[in-house]
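# Overview (structure and organization)
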Amino acid sequence: MENDLNLSHHISKRFNEELEEVRNQVLKMGGVVEQQVREGLKSLLDADQGLAQRVVDTDIEVNTLEVEIDENCTKILARRQPAASDLRLMISIIKTITDLERIGDEAAKLGKNALKLHDDGKIARQFIELRHLGEHVSATLNKALTAYARLDVNEALEIIQNDRFIDEEFDNISRLLITKMMEDPREIKSALRISWCARALERIGDHTKNICEYIVYLVKGKDVRHTSIEEIKQTITE
Amino acid sequence: MIDLSSSESLVSDDIDLSKTVGEIYADDAKMSMRNVNVFYDEKQAIDNVSLDLARNQVTALIGPSGCGKSTFLRCLNRMNDTIPICRVEGDLRLEDEDIYAKKLDPVLLRARVGMVFQKPNPFPKSIYDNVAYGPKIHGLATNKAELDEIVVSSLQRAGLFNEVKDRLDAPGTGLSGGQQQRLCIARTIAVSPEVILMDEPASALDPIATAVIEELIDELREKYTIAIVTHSMQQAARVSQTTAYFHMGKLVEMGKTEQIFTNPVHELTENYITGRFG
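Residues numbered from 1 in each chain as written. Chains lettered and ligands numbered in written order. Predicted model: local features only at pLDDT ≥ 70, side-chain atom pairs only at ≥ 80, totals over all residues. Heavy atoms only, no water.

Quick look at the overall build of chain A now. Of regular secondary structure, chain A possesses 7 helices and 0 strands. Starting at the N terminus, the α and β elements of chain A follow one another as α-α-α-α-α-α-α. Radius of gyration (C-alpha) of chain A: 19 Å, near the 18 Å computed for a compact globule of 238 residues. Its C-alpha atoms put chain A at 65 × 40 × 25 Å along the principal axes. The buried share of chain A, taken over its 238 residues, is 50%. Accessible surface computed for chain A: about 11300 Å², of which carbon and sulfur atoms make up 49%. (Helix = DSSP H or I, 4+ residues; strand = E, 2+ residues; numbered from the N terminus. Rg over C-alpha atoms; globule rule 2.2 N^0.38 Å. Buried < 20%, exposed > 50% of the residue type's maximum accessible area, 1.4 Å probe, protein only. Areas by Shrake-Rupley, 256 points an atom, 1.4 Å probe, with all protein chains shown as cover.)

Below, the structure written as structure tokens:
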């Protein structure tokens, strides 16, 4: 299901442009963060130092975008006093970019740990379990951003529902790592690093879920945070 | 004002407006209007509008120019009686009393349902006489002391007393626009009305005077039931608890103000409050 915010239908053309611009900035920020996550994972699995450093450095770009978008939203709120769907768009953008920025921080952690593992002479490839979790999280983020662009509440619901699989996967990895550490205490240092990476991926999943909740709020006008899946389903079908 | 020269009906028939969305009934209604139709000669300006004014609440009537919101407001104290070609149909009640009943004196009704207009219109008399006029003609005071008491308390409740207490004999027309409007509000409340109708009460005022009037409206609602017509959406959002959106003579949507301004149900409401064209 696709929705349209009719952003181009305001009597004020300048207002249309301002809303379009800020929305495009969010999509751009989403794209940057998504790539950062993908490359963070790749740098970890391929022990690619150069890529890892780039992922860490991208954080500055993400932070700059967050500040710019916040400023633009503040200007629109002050000058246009948006109401109804325009107001919800502003609120959802301000909240979404906070989560995107945090996803960026988590992705940067992947890069940093990739660099540290390399310094320790370890290769994350040994930890094949990370690949599965990472690819799943990365694909989910991609879907969420597409749902955001298309205002697709059904896709958003699916992502919210599937967040528990990410949590389960994280628990599995934790158990495996604990076993590894018990078997060979020399592995503790690198196992901890891998555990932090898994934790970062799990957090990215949580932030992605938050973004999907904002999509439901934007389209349906109802705050579905901290409610059950059943309630969200009901909101969507209303 | 409504353009009476046009031959077209003021009521739209190409959009689905068959039913008002939202909540038109109040648990505790001060005034109840049912199936109200208003005609200027043959032209229909209000088409089958039903709504309640909830007691001690502010109800905002919003909508584009010519949508009928002022016409509807003026039905509530029979101000439309003064327009010969205007005809009002329907059931309009204050408490349980039919306000269009033959035996009912419109002058007494207007004391119970007062009105404040867009442009402050003080009488060309002193500040004191402006406020004392209503109580005098309605015989609300038996002596000068009582009248003084009414004038002072009305000016106080309208938030004007401290600014004018030393010059009650000065002409009302010499006050600033915001003060004049508060003087008109004092004049309205001097006759102890139950309902106050306000037709764009702040549209001729600067932001500071507007803020003072809005603050006053919020205080007045403790004692009175208020209906306000406004073109300022932000004003409707700030002062009212319930908002009714009119479009081409019909009531399109009515509901809690916060819901109307964050998540309106009807597309026309959404278009209007977000400044979109349909």
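Okay, the overall build of chain B next. Along the backbone of chain B there are 10 helices and 11 strands. A compact globule built from 278 residues should have a C-alpha radius of gyration of about 19 Å, and chain B, at 19 Å, falls within 12% of that. Across the 278 residues in chain B, those meeting the buried criterion constitute 54%. Counting contacts in chain B only where the partners sit at least 6 residues apart, residues at least 24 apart contribute 69% of the total. In the form shown here, chain B has an accessible surface area of approximately 12700 Å², with 50% of it arising from carbon and sulfur atoms. (Contact = heavy atoms within 4.5 Å.)

The next point concerns the confidence of the model for chain B. On average, chain B scores 92 in pLDDT, and the residues at 70 or more come to 94%. Predicted confidence is poor over residues 1-10 of chain B, with pLDDT under 50, and the contacts of this stretch with residues over four places away or in other chains come to 15 contacts. (pLDDT = per-residue confidence, 0-100.)

This part is about a nonpolar patch on the surface. Residues and elements named next belong to chain A. Together, Ile188, Leu192 and Trp196 give the surface a local cluster of nonpolar side chains, amounting to about 270 Å² of exposed area. Positionally, Trp196 belongs in helix H6 (residues 188-220). Accessibility expressed as a relative area gives 45% for Trp196, which makes it partly exposed. (Patch = residues over 30% accessible without salt bridge, like charges linked within 9 Å, V, L, I, M, F, W, Y side chains within 5 Å. Salt bridge = Lys/Arg side-chain N within 4 Å of Asp/Glu carboxyl O.)

The next point concerns the pairing of strand E8 (residues 195-199) of chain B. Residues and elements named next belong to chain B. Most of E8 sits out of view: 5 of its 5 residues are buried. Residues Val195, Leu197 and Asp199 of E8 are buried on one face, and the alternating residues Ile196 and Met198, pointing to the opposite face, are buried as well. Relative to E8, strand E7 (residues 113-116) is paired through 4 bridges, and the arrangement is parallel. Following the sheet pairing, Val116 is matched in E8 by Met198. Summarising the sheet, E8 and strand E9 (residues 225-229) pair through 5 bridges and their orientation is parallel. Considered in E9, the bridge of Met198 is made with Ile228. Read as a crossover between parallel neighbours, the route from E8 over helix H7 (residues 207-220) to E9 is right-handed. (Pairing = 2+ DSSP bridges. Right-handed = clockwise from strand over helix to strand, strands pointing away.)

Attention now moves to the interface of chain A and chain B. The interface is formed by 17 residues belonging to chain A together with 11 residues belonging to chain B. Both faces considered, chain A and chain B share a buried interface measuring about 1100 Å² in area, 47% of it formed by carbon and sulfur atoms. In this structure, Asp86 of chain A and Arg276 of chain B form a salt bridge, with 2.9 Å as the shortest nitrogen-oxygen distance. Run the count over chain A and chain B and you get 12 residue pairs in polar contact (both at pLDDT 80 or more). In terms of residue count, the dominant contributor to the side of chain A that touches chain B is helix H3 (residues 84-119) of chain A (5 residues). (Buried area = accessible area lost by both parts, 1.4 Å probe. Polar contact = N/O pair within 3.5 Å; in protein donor to acceptor, adjacent residues only side chain to side chain.)

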